[in-house]
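Structural description and commentary
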Number of protein chains: 4
Amino acid sequence: MARKQLRVGLVGHGFMARTHSNAYKSVSQFFDLEYEPVLQAVCGRHRDDAEAFAQQWGYASVETDWKTLVGRDDIDLIDICAPNHLHARIAIAAAEAGKIVLTEKPLARNTAEARPMVEAVEKAGVANLVWYNYRRIPAVTYLRNIVASGALGRIFHYRANFLQDWTISQDVTQGGGNWRLDSAVAGSGVTGDLLAHCLDTALWINGSISSVTAATETFIKERKSEDTGKSESVTIDDAVEAIARFGNGSLGLFESTRYARGHKAAYTLEINGAEASLAWDLDDLNHLLWFDHRVDGPLRGWSRISVTDAEHPYLSHWWVPGLGLGYEHSFIHTLADFLEGLSAGEQVGPTFRDALETTQVCDAILKSAATGQWESPSES
Amino acid sequence: MARKQLRVGLVGHGFMARTHSNAYKSVSQFFDLEYEPVLQAVCGRHRDDAEAFAQQWGYASVETDWKTLVGRDDIDLIDICAPNHLHARIAIAAAEAGKIVLTEKPLARNTAEARPMVEAVEKAGVANLVWYNYRRIPAVTYLRNIVASGALGRIFHYRANFLQDWTISQDVTQGGGNWRLDSAVAGSGVTGDLLAHCLDTALWINGSISSVTAATETFIKERKSEDTGKSESVTIDDAVEAIARFGNGSLGLFESTRYARGHKAAYTLEINGAEASLAWDLDDLNHLLWFDHRVDGPLRGWSRISVTDAEHPYLSHWWVPGLGLGYEHSFIHTLADFLEGLSAGEQVGPTFRDALETTQVCDAILKSAATGQWESPSES
Amino acid sequence: MARKQLRVGLVGHGFMARTHSNAYKSVSQFFDLEYEPVLQAVCGRHRDDAEAFAQQWGYASVETDWKTLVGRDDIDLIDICAPNHLHARIAIAAAEAGKIVLTEKPLARNTAEARPMVEAVEKAGVANLVWYNYRRIPAVTYLRNIVASGALGRIFHYRANFLQDWTISQDVTQGGGNWRLDSAVAGSGVTGDLLAHCLDTALWINGSISSVTAATETFIKERKSEDTGKSESVTIDDAVEAIARFGNGSLGLFESTRYARGHKAAYTLEINGAEASLAWDLDDLNHLLWFDHRVDGPLRGWSRISVTDAEHPYLSHWWVPGLGLGYEHSFIHTLADFLEGLSAGEQVGPTFRDALETTQVCDAILKSAATGQWESPSES
Amino acid sequence: MARKQLRVGLVGHGFMARTHSNAYKSVSQFFDLEYEPVLQAVCGRHRDDAEAFAQQWGYASVETDWKTLVGRDDIDLIDICAPNHLHARIAIAAAEAGKIVLTEKPLARNTAEARPMVEAVEKAGVANLVWYNYRRIPAVTYLRNIVASGALGRIFHYRANFLQDWTISQDVTQGGGNWRLDSAVAGSGVTGDLLAHCLDTALWINGSISSVTAATETFIKERKSEDTGKSESVTIDDAVEAIARFGNGSLGLFESTRYARGHKAAYTLEINGAEASLAWDLDDLNHLLWFDHRVDGPLRGWSRISVTDAEHPYLSHWWVPGLGLGYEHSFIHTLADFLEGLSAGEQVGPTFRDALETTQVCDAILKSAATGQWESPSES
């Protein structure tokens, strides 16, 4: 079919801008969609860097001020890959300009900042999405489908962690390009960066969280600042542990850290129900573990499913059974689903409103870590 | 060498009595020890059952009252495999009678009950031990040795869980033989039964815990009682989640449950330090996972060590490299170490005093689950 | 830099045409190369199918006769994704026309057919390549680099297998589109299809093979023909087992089958040297297993390396540590290396001549299976 | 019940004598049997060593000449743990003396030597057994039961290997105590030592082997002799690779070596049928891998069964679900089954006749390695 062009204006050209750009460039070869993304413009403060990125990825033009980008008539969709503290103002301006708005996660630094973003896109009636990409790893999507089918029975436990080790060295600096260690820019440390992924998936799979208790820790208290050149207090959380109670009565256990030596991107999750359990590990992303208590007794075991068959989510668009996908495919799938939703006139999650809930849980966790009390996300 | 006989009086003849008896019978064939256990007497309320056990295992005599057993002159060591609520009175009586006292874990139902036990054995000056057997799985012992060597550098994280699934069915009853579901007998549910294992090992490997926050849950609220035949409230915790702060500044995360479908005895633990990490899983008990950041960059990985070489703890007493041991060997090793300590005049842990600390952490966790506050074990 | 356009003419539009096209489209975004592939033309017998493919992937034009394609002045490179029996005539014509020639593996149906292809490209002096893509899975490339460094010491064993299960059903037909079951088109069954992958990698990693003994089996003797509609004898090998002696004195063991229930694309390989061993599994493609005997005794183990660091082959072009790649990346890497070789004026393997050796070993294996004798590839 | 005493006379006191003695000492505590083994006598050439062994294990007496042992009236069962070259003469003498005869594997050095052993026990009508212990690892027994039930459908493939690395160093000597490197004593190298295990299990699970082709290699050609002190030619096979055709039409692939760096006792096996597959690994001995094609498509996977439930073979005699057994349990199970067979008047395998078939396959493999031809075991 003849495709409708959807002209993308991308803000930022870092790591996430690459994963999104790859999705825009690849999606049409693998999915039959009404809309075809067109790489119209990329925006960055430093023109040289932005132009290099534009050339590498084939963006047709370059801007150095996101306000100019948002104001352009030839842009249909604004995609925000700028640091967290910029999400709100860009998203709100884009919504007010009637653009489709996508933003890299987390939605914002905190609930107070996020709420007006939700209001803005809903008031403007524009399609919106937060790129919590792990929902669209095929094994995760399939896991969610199984849970949604009710095959697990009553749910008792959900646990997830996201472990890294890249900030253990005292030599890692904060500020400047390392904005993930700067709470003024990032909002928080691992809670908004890593735990937010765990929470988005958990809420999607297992429903809302009613209360939490938590601890955070900053293991290295002072680091050299890229901005001032001096040693300054570290303001982010290096690690977070949380216990949660879900609305369905199940217990949740969560952990994120950048101090788990040996783990680079150890995102694992598991859900236990009365009849069956499921588990997934990003380090083995094309497989799903499945335990079904209904199997005949002595043959029961944890089944390692290769989620690479045409019957599995998204896989009919790719290769043949047994041949695995990689990390970036999750972004292509996110985009494909979003574009299908756009054609169907249906909002595809995680919307800004969905992501607001994740932000509320993050805030409740950070609050609990400060107060030592159980806290409720609904009050964030 | 000519061995000195050590005459054992065993209280109880259930599952744990079998693992202990096997240790008494096997230890001398595999370890060269001064002391040789002699199966002198087994005690059980029902003479027929006790006699059947005595015949199966070769105990020389049978008692039906533990007080009689404790009073016998031809018994050197009392080993308690009776339900938890009996530990204190038997142990104290045995200590007062000058016997060596061993007890299956946990030490007692709670701290209040445990403290006099510690005082009794210390006042009597008798050797004592609690059978927290997992310390003597060779891979766990080796893990502890590596941590104790300082090879991990500063410790950031410790996490452990013990997951089972055997009480999910509503058909499981409480009371009668099922005393593990009866808090009057057991003291608590999974906290004292399963989490206590995780905590004993954690305290041994990573030092003391200063504070905890926790949640417990009883998923099935009423069960038929074996004692009354009626449906009654379940008084134990089915699941427990806890966050801990260790004295060394590291964060701990713990979970135990009998509602994790697919897990029969999923005891796993992991410790992360600045320089290296270690992990172990009871489901793969002869291996240890080791990540050493000092390895040359691109060759770094999680190394799966087969802890079956003569250089590994206990292994020179067994077979040849590559041939794994089983669960019950941990009891044989516990006994071998205890007997070696007896010869050397050194107390080998976990002593009653060591186990008291575990009980204090359990109590702080249960208290936190009730109060919703952070609690300190030292105040238990 | 300004890139030189390299105009691609692709023959075929099946599964492999998709993997190659994806490589042509993606390589320039991830690798800084002098040459930039341009999707100039795709060729297929049925115009409609070819046009659909051209639209999906962005090919500028369509041909229905490969001779016309080869004759076009605006094509620099011919890439052959047609069935095996067409490789020779297309490749030879393309070479004679002075085109760069790439072909999907295997080079040809047999040595007799392959030899003139090698002569043609070498006589014409055109760059050439056979797409044995598994060499460029980063973990495999890294494995080869380690072996080439001599770190394994004297090599004793090499073993590899490639197991599938897709032809077990009697309902699978032969002929028509299922040309892989038709020896007239494919040349052989699993030997040329799957074992050839194992052999290409083996020869690259461990050097030449001097002799082989082998068995083949056709488990289902008759299948319905798509061409005649009748049940006809199956002429391909369903499974092959081979023992090999390498030139370096090591022993090789190889197996390929389409009758290993539960395996979709189980390509595994392992090499054992005096000092160290390495193993890899396509089902876990981003990891490499490494055992180094020089490690201190009790800490020795099989290390599972996540081949996702910037220091690992190709990875600096992708994401961040811990985030895995998929199957199709091996084609992008193959193309990137080929294009870099083109710039440097160096032939990058596997060339037609390299692939001829693989074909010779395949032929020796098939001959041995027929004669029951040891056979030498050099005599093929 | 009152047990009948079965008085054991053990020949040898090395590694295998320990595993057998442990079985004799433990079997009665875990299995309810009519017969109770009594450790009557152990025989060794050096009295001091034999007496030390007797004391360690509780043997009532010591002999230094096996002929004397065989001649004693107070011995019911002769168990041979002497080096291979002594098996035949001791076994034949024991059979002629009317003793039950058990021998460590392999049955003998070769078929010529083994055949009279079979004749002797069958003529004497005495119960007999060869300790191929791996049949009685619960997961292996269960695997065999599943195959025997027909659940796999038509069998296509069987593969097994047994890999070690302990003779790689040139410093390993031959002769003296290292009789496994001395073909005059051992009969062969890895073929009779390791491959024999793989073959015994294979024949038991998958039926008879009709023909084989094979290669052997001696990587280190000369070693110092413990007997002469001089460097002498190594006469054993260091490694063996074999392709087999089973009577049921399936293909077999086998490998054993002592030169696979990183592998201590890597015995793995896998069987593929039309409907299902099974795999097992000694390094993870309490688990079984099971793939069932009849499972609903997208949920199909390799299920890792923890063979620790009461429903699994032998497990009701041990602990509780999730708690694994070790290597030596396979010997206890072998003995328990043998003693049950004795009570029932039924021969339990592997009998001498069963083991003769394994020896014939070994001989055919060694012959093929010498001739370069396919060879048939039935002609050995």
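Here, every reference points to the structure presented above.
Position labels on residues start from 1 in each chain and follow its written sequence. Going through the entries in the order they are written, you letter the chains from A and number the ligands from 1. In view of the model being predicted, local features appear only for residues whose pLDDT reaches at least 70, and side-chain atom pairs are presented and counted only at 80 or more, with totals across whole chains, interfaces and linings using the full set of residues. Computation of side-chain values covers all heavy atoms of the structure but excludes hydrogens and water.

1. With respect to the interface of chain D and chain C
Heads up, the rule is: Any two residues whose heavy atoms approach within 4.5 Å are treated as being in contact. Reported buried area values correspond to the accessible surface (1.4 Å probe) lost by two parts on association, with both partners' losses combined. Any carboxyl oxygen of Asp or Glu within 4 Å of a side-chain nitrogen of Lys or Arg constitutes a salt bridge here. Whenever two N or O atoms come within 3.5 Å, that pair is a polar contact, provided that in protein one can donate a hydrogen and the other can accept it, and provided that, for residues adjacent in sequence, both atoms are side-chain atoms. Strands are runs of DSSP state E lasting at least 2 residues, helices are runs of H or I lasting at least 4, and numbering of each runs from the N terminus. Gly falls in the polar group here, along with every residue not listed as nonpolar (Ala, Val, Leu, Ile, Met, Phe, Trp, Tyr, Cys, Pro) or charged (Asp, Glu, Lys, Arg).
Between chain D and chain C, the residue contacts involve 42 residues of the former and 42 residues of the latter. For the pair chain D and chain C, the summed buried surface comes to about 3500 Å²; carbon and sulfur atoms form 55% of the total. In this structure, the connection of chain D to chain C is made through four salt bridges. Between C:Glu217 and D:Arg245 there is a salt bridge, and its shortest N-O distance comes to 2.8 Å. On the surface where chain D and chain C come into contact, there are 24 residue pairs in polar contact (both at pLDDT 80 or more). Those elements that place two or more of their residues in the side of chain D that touches chain C are β7 (155–163), β8 (209–217), β11 (239–246), β12 (251–257), β13 (266–273) and β14 (276–281) of chain D. Taken together, the residues of the side of chain D that touches chain C sort by class into 19 nonpolar, 14 polar and nine charged.

2. What to know about the pairing of β13(D)
All names here are of chain D. For clarity, the threshold we go by: Any residue under 20% of the maximum accessible area for its type is buried, any over 50% is exposed, and the rest in between are partly exposed; the area is computed with a 1.4 Å probe on protein chains only. A pair of strands is treated as paired once DSSP finds two or more bridges between them.
Of all eight residues that make up β13, seven are buried, and the element is covered over most of its length. The pairing of β7 with β13 spans eight bridges and is antiparallel. Paired with asparagine 161 across the bridge in β13 is threonine 268. Inspection of the sheet shows β13 paired to β14 by five bridges, in the antiparallel sense. What sits directly across from leucine 269, in β14, is tryptophan 280. Once β13 ends, the chain turns through two residues before running back antiparallel as β14.

3. Quick word on helix α2 (residues 47–57) of chain D
Quick reminder: α-helices carry 3.6 residues per turn. Residues three or four places apart thus point the same way. This is how it is decided: Taking the helix axis as origin, the arc is that swept by the directions to the C-beta atoms.
Within the span of α2(D), buried status applies to D:Ala50, D:Phe53, D:Ala54 and D:Trp57. Projected down its long axis, α2(D) carries its buried residues within an arc of 100°, all on one side. Residues of α2(D) that are exposed and point more than 90 degrees away from the buried face comprise D:Asp48 and D:Gln55. Its buried side turned inward, α2(D) meets α1 (15–30) of chain B together with β1 (4–11), α1 (15–30), β2 (35–43) and β3 (61–63) of chain D. Of the residues trailing α2(D), D:Gly58 is marked for its positive phi of about 85°.

4. Section: the relation of the copies chain D and chain C
Heads up, the rule is: The copies are overlaid by a least-squares fit using only the C-alpha atoms of residues whose pLDDT is at least 70 in both copies.
Of the two same-sequence chains, chain D is brought onto chain C (RMSD 0.0 Å, axial shift 0.0 Å) by a rotation of 180°. Here the copies are linked by what is in effect a two-fold axis. It is D:Gln373 whose C-alpha, among those of chain D, lies nearest the rotation axis, at 3.0 Å. Comparing interface residues between copies, 100% of those in chain D also sit at the interface in chain C, which points to an isologous, same-surface contact.

5. Remarks on the pairing of strand β16 (residues 302–306) of chain C
Counting buried positions over the five residues of β16(C) gives four, a clear majority of the element. By the bridge criterion, three bridges tie strand β16 (residues 302–306) of chain B to β16(C) in an arrangement that is antiparallel. By the bridge assignment for β16(C), B:Arg304 is matched with C:Trp302. Examined bridge by bridge, strand β15 (residues 287–292) of chain C and β16(C) share five bridges and lie antiparallel to one another. Residue C:Phe291 lies in a different strand from β16(C), and its bridge partner there is C:Trp302.

6. Comments concerning the relation of the copies chain C and chain B
Least-squares fitting of chain C to chain B yields an RMSD of 0.0 Å, with the superposition described by an axial translation of 0.0 Å and a rotation of 180°. Both copies contact each other with a shared surface, as 100% of the interface residues of chain C are interface residues in chain B too.

7. Brief notes about helix α10 (residues 352–371) of chain A
Residues and elements named next belong to chain A. Here is the rule we go by: One less than the residue count of a helix, multiplied by 1.5 Å, gives the span that helix is expected to have.
Here α10 is 20 residues long and its end C-alpha atoms lie 28 Å apart, about the 28 Å a rise of 1.5 Å per residue gives. Along α10, the residues classified as buried are Phe352, Ala355, Leu356, Thr358, Thr359, Gln360, Val361, Cys362, Asp363, Ala364, Ile365 and Ser368. Downstream of α10 by a residue or two, glycine 372 has a phi angle that is positive, lying close to 75°.

8. Describing the environment of B:Thr235
Residues and elements named next belong to chain B. Assignment of secondary structure puts threonine 235 in the loop between β10 (231–233) and β11 (239–246). C-alpha of threonine 235 to C-alpha of asparagine 248: the two residues are 13 residues apart in sequence and 35 Å apart in space. In this view, threonine 235 contacts Leu181, Asp182 and Ser183; residues no more than four positions away in its chain are not counted. A polar atom in the side chain of threonine 235 sits 2.8 Å from the side chain of serine 183.

9. Points about the side chain of D:Asp193
Here D:Asp193 shows up in helix α8 (residues 190–206). If we ignore the near neighbours within four places in the chain, the residues touching D:Asp193 are D:Lys105, D:Arg180 and D:Arg258.

10. Digging into the interface of chain C and chain B
Of the residues lining the interface, 14 residues belong to chain C; the matching set on chain B comes to 14 residues. Note on chain C versus chain B: buried area summed over both sides is about 1200 Å², and carbon and sulfur give 50% of it. For the chain C face of the interface with chain B, the top three residues by lost area are C:Pro298, C:Leu299 and C:Glu311, together amounting to 42%. On inspection of chain C and its partner chain B, the count reaches zero salt bridges. Scanning the region where chain C abuts chain B turns up six residue pairs in polar contact (both at pLDDT 80 or more). Where the side of chain C that touches chain B is concerned, the elements lending two or more residues are α6 (138–148) and β16 of chain C. Among the elements that make up the side of chain C that touches chain B, the one with the highest residue count is β16(C) (four residues). A breakdown of the residues in the side of chain C that touches chain B according to their chemical character gives seven nonpolar, four polar and three charged.

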